[in-house]
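Residue-level listing of the chains:
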Amino acid sequence: MLDPQVLAALGDLVGPDGLITRPGQARVYECDGWTLEKRVPEAVVLPRTPAEVAAAVRLLHRHAIAFVPRGAGTGLSGGCLPLDAPVMICTSRLKRIVEIDLVNRRAVVEAGVVNLAVSRAVAAHGLFYAPDPSSQSACTIGGNVAENSGGPHTLKYGVTTNHILGLELVLPDGEVVELGGAMEDVPGYDLRGLVVGAEGTMGLVTRATLRLTRQPEGVRTLLAVFESVDDACNAVSGIIGVGIIPAALEMMDQLMVSAVEAAFHFGFPTDAGAVLIIELDGALAELDAEVEAVRRVCAAQRAREVRVARDDAERAALWKSRKRAFGAVGRLAPNYCTQDGVVPRTKVPDILRAIAAIAARHRLRIANVFHAGDGNIHPILLYDERDADEVRRVIAAGHEILRACVDLGGSITGEHGIGVEKIQELPLLFSPQDLLVMQQLRAAFDAAGRCNPGKIFPTPGACVEVTRPRHRQVAL
Ligand SMILES: Cc1cc2nc3c(=O)[nH]c(=O)nc-3n(C[C@H](O)[C@H](O)[C@H](O)COP(=O)(O)OP(=O)(O)OC[C@H]3O[C@@H](n4cnc5c(N)ncnc54)[C@H](O)[C@@H]3O)c2cc1C
């Protein structure tokens, strides 16, 4: 139980409306999008400024109290589950876009700014913020930094780390440091790059300097319809093989298409084996030739139809269907668990076959919607949390899918992070020595392990049991 004097001091720092301690209200924060594990925090702190974040962290440090950072809670690996940390610090009131520098194409924003708000703020100037997770209308820049998030358009534009120039970080003892900066390159170790993707285990990001990207001159969005998932996968490799890097290359299988069509009535053919959403962007003079080249590749893979969105409205409707696909899954089952793995692009047909076999073995329904161009798969395992046996089968199937990704030369996360969900899979990729080096690195920021404890790293015992590293990832 938290000391009432500490709670009172936190309340003094952030104001009475900035501290939640009533269990009924705190329940809202019991999990993120990984709903298989839940824990209600004892207190949720909602600072209004980076200075309040630093003051709250200093106070917790003085009392040796662990905390977990949280943005919008859209994470899918349990990253902000309050494990061994009674206090949650939520950035939802850190919403200021501090500066937009059009000439140098960068923006300084607070950590709680919602991803889509950045692109909206600069759209009139012909700019956008490129990393676009499908959750972009809700997730925060701080969460994106912590997870090194990707999105449909990161195939061409790169993931979050490619668009972060600098960070303001509150270290676990409350000290405020600047990592990176406004310049493209800074001397010394790339500590900014280290914190991007650290899943909130090295401190709490309060501000980020973002790189802004010029909007392309033209965009063409195509919907290609295939009889089978294999044909769609071959088309993905074919498109990239002819030298075209689409801005986005997304796939949905039949189960997913049926759910999305029932929800959004876009006009998807519900009897198709798979559909691809292919977006091409760039100079207007080149786009029509690229559309024709993509049509040819799809025809060679027996595409039933290739449609080009007629206008911005149709393009927006197509993307709305894709980006809200997870929401449409509610029509298929009361609960779902989104897995996240990655395989070499050419192995996508193999992993989809493996997923189908795993689904059959565990008597589960699994829908697939994913960033096919990156080989980043998102099988969605459908279940009913009131059925304990089904929950067990979902967890087992998830582990098997990740193992299959590793066996195919891939990895256990494309973009959703390790969190609590994939802790036991980490040793499939890393040796005990690798893990030790990573923990030592983390300890340089958080020696006491009080910032987001219980995440990413397996306990030493578990590590030894399951370790069969395939490659040495870290040199000692
Ligand atoms: C429908 C849906 C679609 C999604 N699509 C994508 C997608 O296309 N691509 C993708 O990559 N992800 C996707 N995600 C996953 C998720 O949206 C991202 O991981 C996102 O970046 C999480 O942001 P958040 O603000 O919700 O963070 P949270 O869920 O609140 O936190 C995530 C992690 O970041 C840490 N954290 C949060 N804020 C900070 C901070 N300021 N400083 C330090 N650590 C912090 C937390 O401790 C936690 O470990 C999707 C999720 C959903 C529900």
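Data block above holds the structure.
Residues numbered from 1 in each chain as written. Predicted model: local features only at pLDDT ≥ 70, side-chain atom pairs only at ≥ 80, totals over all residues. Heavy atoms only, no water.

**Student:** So what exactly am I meant to see when it comes to the overall build of the chain here?
**Tutor:** Along its length, the chain carries 16 helices and 20 strands. In summary, the chain has a C-alpha radius of gyration of 22 Å against a globular reference of 23 Å for 476 residues, a match within 12%. In terms of its C-alpha atoms, the chain occupies a principal-axis envelope of roughly 70 × 55 × 45 Å. Out of the 476 residues in the chain, the part that is buried amounts to 57%. At a minimum sequence separation of 6, the contacts of the chain that also span at least 24 residues come to 72%. Surface exposure of the chain reaches about 19600 Å², of which carbon and sulfur atoms provide 53%. (Helix = DSSP H or I, 4+ residues; strand = E, 2+ residues; numbered from the N terminus. Rg over C-alpha atoms; globule rule 2.2 N^0.38 Å. Buried < 20%, exposed > 50% of the residue type's maximum accessible area, 1.4 Å probe, protein only. Contact = heavy atoms within 4.5 Å. Areas by Shrake-Rupley, 256 points an atom, 1.4 Å probe, with all protein chains shown as cover.)

**Student:** Would you mind showing me how to read the site of the ligand here?
**Tutor:** Around the ligand sit 35 residues in total, of which Pro69, Gly71, Thr74, Ser135 and Thr140 are the nearest. The separation between an oxygen atom of the ligand and a polar side-chain atom of Thr74 is 2.6 Å. At 3.4 Å, a side-chain N or O of His371 approaches an oxygen atom of the ligand. Within the residue set of the shell around the ligand, elements represented by two or more residues are strand 3 (67–70), helix 5 (141–147) and strand 10 (204–211). Considering each element in turn, the shell around the ligand owes the most residues, five residues, to helix 5. Its residues assigned to classes, the shell around the ligand comprises eleven nonpolar, 20 polar and four charged. (Near = heavy atom within 4 Å. Polar contact = N/O pair within 3.5 Å; in protein donor to acceptor, adjacent residues only side chain to side chain. Nonpolar A, V, L, I, M, F, W, Y, C, P; charged D, E, K, R; others polar.)

**Student:** How do you make sense of the sheet that holds strand 2 (residues 43–45) when you look at a structure like this?
**Tutor:** Either a parallel or an antiparallel arrangement is found when strands of a sheet pair, and the pairing is made through backbone hydrogen bonds. Here we have four strands laid out as an open sheet, ordered 1-2-4-3, and mixed in their pairing. Both edges of this open sheet fall to strand 1 (19–20) and strand 3, since each of them pairs with a single strand only. Sheet topology note: the strand 2/strand 4 (residues 87–90) ladder contains three bridges and is parallel. Residue Val45 lies in a different strand from strand 4, and its bridge partner there is Ile89. Packing of helix 3 (residues 50–62) onto the sheet brings it into contact with strand 2, strand 3 and strand 4, and relative to strand 4 it is tilted by some 165 degrees. (Pairing = 2+ DSSP bridges. Axes fitted to C-alpha atoms, helices over the stretch in contact; angles between N-to-C directions.)

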